[in-house]
Amino acid sequence: MDTVVAILSSPWFLVAWASVAVPSLYVVIRDLRTENAHLMSLMKLVWVLTVVYSGPLGLWIYWTTGRRQIPRDGLYRRAFRSVAHCYSGCGMGEVAGMFIAVGLLQLGTLWVAAVTFTLAYVAGYALTVGPLLQEGVGLRRALWDAFLSETPSITVMEVVAIGVDLSLAGDAGPREPLFWSALVVSLSCGLLAAYPVNVLLIRFGVKSGMMDPREGAASQ
């Protein structure tokens, strides 16, 4: 653990991360504009945020599961699209929660976890409830559907992500490289931890997963 913290405490870790994350972001934005413009605006945002949070890992997930060029679709690809959708919202909440609770308010560990958990849930649910409302689903039904389909995924994602972040970052604040390095690592840990949960949720029919990216491509 001490070795990992020492590596993450170096500004060069963030430099190295940026050197692979920024090109990954460029690739996904360019591909969404030129090769997969038919995707829904929400899914475009999902993929951009996934790559912002997880760099090359997010790009790999998009490239193998989120493009119209995939050879076939199936459970494991749908689960990756599903977890990316969840991840995009929860990531916003987690980043905001860490910055507010640690950087601005300088709260203790339990309060940091509580604030971050709450904001991650709110943002994660919003990305599910919002589209349902736009489709004409009533608010009560939309909230209930989001609760059933997203709670297991969000819970696992945030328990792992927040736990890893607090374990690695310790008392580090936003002015220290360790604060941001730990956040980068913890986000991806949460994504990977929630993936098998989404596989099970889709397998047992609790959620359907996001649409096949090849749908609608023929008309483009």
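Worth saying up front: this structure is predicted, and the values here are computed from it rather than measured.

Draft legend 1. Structural view of the overall build of the chain. Counting its secondary structure elements, the chain contains 7 helices and 0 strands. Along the chain, helices and strands appear, N-terminal first, in the series α-α-α-α-α-α-α. Considering only C-alpha atoms, the chain reaches an extent of 50 × 40 × 25 Å along its principal axes. Within the chain, the fraction of its 220 residues that count as buried is 44%. Of the contacts made within the chain by residues no fewer than 6 positions apart, 73% connect residues no fewer than 24 positions apart. As presented, the chain carries roughly 11000 Å² of accessible surface, and 67% of it is formed by carbon and sulfur atoms.

Draft legend 2. Local environment of the side chain of Asp-31. When you line up the elements, Asp-31 lands in helix α2 (residues 11-34). Classification of Asp-31 by relative accessible area gives buried; the value is 6%. A polar contact is formed between the side chain of Asp-31 and the side chain of Asn-36, at a distance of 2.9 Å. Setting aside residues up to four positions removed in sequence, Asp-31 forms contacts with Asn-36, Tyr-62, Trp-63 and Arg-67.

Draft legend 3. A look at the nonpolar core. Counting 44 residues, the largest nonpolar core has Val-28, Trp-47, Tyr-62, Val-83, Met-98 and Met-157 as its most contacted members. At the level of elements, α2, α3 (41-65), α4 (75-104), α5 (109-134), α6 (139-169) and α7 (177-203) are the ones that each hand at least two residues to this core. Considering each element in turn, this core owes the most residues, 11 residues, to α4. When sequence neighbours within four positions are dropped, the list of residues in contact with Tyr-62 reads Val-28, Asp-31, Leu-32, Asn-36, Leu-39, Trp-47 and Arg-67.

Draft legend 4. Expanded view of the state of the cysteines. Inspection of the entire model under this criterion finds 0 disulfides. Left without a disulfide partner, Cys-90 is nearest to the cysteine sulfur of Cys-86, which lies 3.9 Å away.

Draft legend 5. Looking closely at the confidence of the model for the chain. Confidence in the prediction of the chain, expressed as mean pLDDT, is 91, and 98% of residues score 70 or more. Least confident of the elements in the chain is α5, whose mean pLDDT is 86; most confident is α2, at 97.

Draft legend 6. How the structure looks around the pattern of salt bridges. A full pass over the atoms with the stated rule returns 6 salt bridges. Among the ionic pairs, Arg-67 bridges to Asp-31, the shortest N-O distance being 2.8 Å. Within this pair, whereas Arg-67 is found in the loop between α3 and α4, its partner Asp-31 is found in helix α2, the two being separated by 36 residues in sequence. For Arg-67, a relative accessible area of 8% translates into the label buried. Glu-150 is the salt-bridge partner of Lys-207, the closest N and O atoms lying 3.3 Å from each other. You can see Lys-207 sitting in the segment after α7 and its partner Glu-150 sitting in helix α6, a full 57 residues away along the chain. Residue class for Glu-150 comes out buried when judged on its relative accessible area of 5%.

The rules we used
- Residues numbered from 1 in each chain as written.
- Predicted model: local features only at pLDDT ≥ 70, side-chain atom pairs only at ≥ 80, totals over all residues.
- Heavy atoms only, no water.
- Helix = DSSP H or I, 4+ residues; strand = E, 2+ residues; numbered from the N terminus.
- Buried < 20%, exposed > 50% of the residue type's maximum accessible area, 1.4 Å probe, protein only.
- Contact = heavy atoms within 4.5 Å.
- Areas by Shrake-Rupley, 256 points an atom, 1.4 Å probe, with all protein chains shown as cover.
- Polar contact = N/O pair within 3.5 Å; in protein donor to acceptor, adjacent residues only side chain to side chain.
- Core = buried A, V, L, I, M, F, W, Y, C linked by side-chain atoms within 4.5 Å.
- Disulfide = S-S within 2.5 Å.
- pLDDT = per-residue confidence, 0-100.
- Salt bridge = Lys/Arg side-chain N within 4 Å of Asp/Glu carboxyl O.

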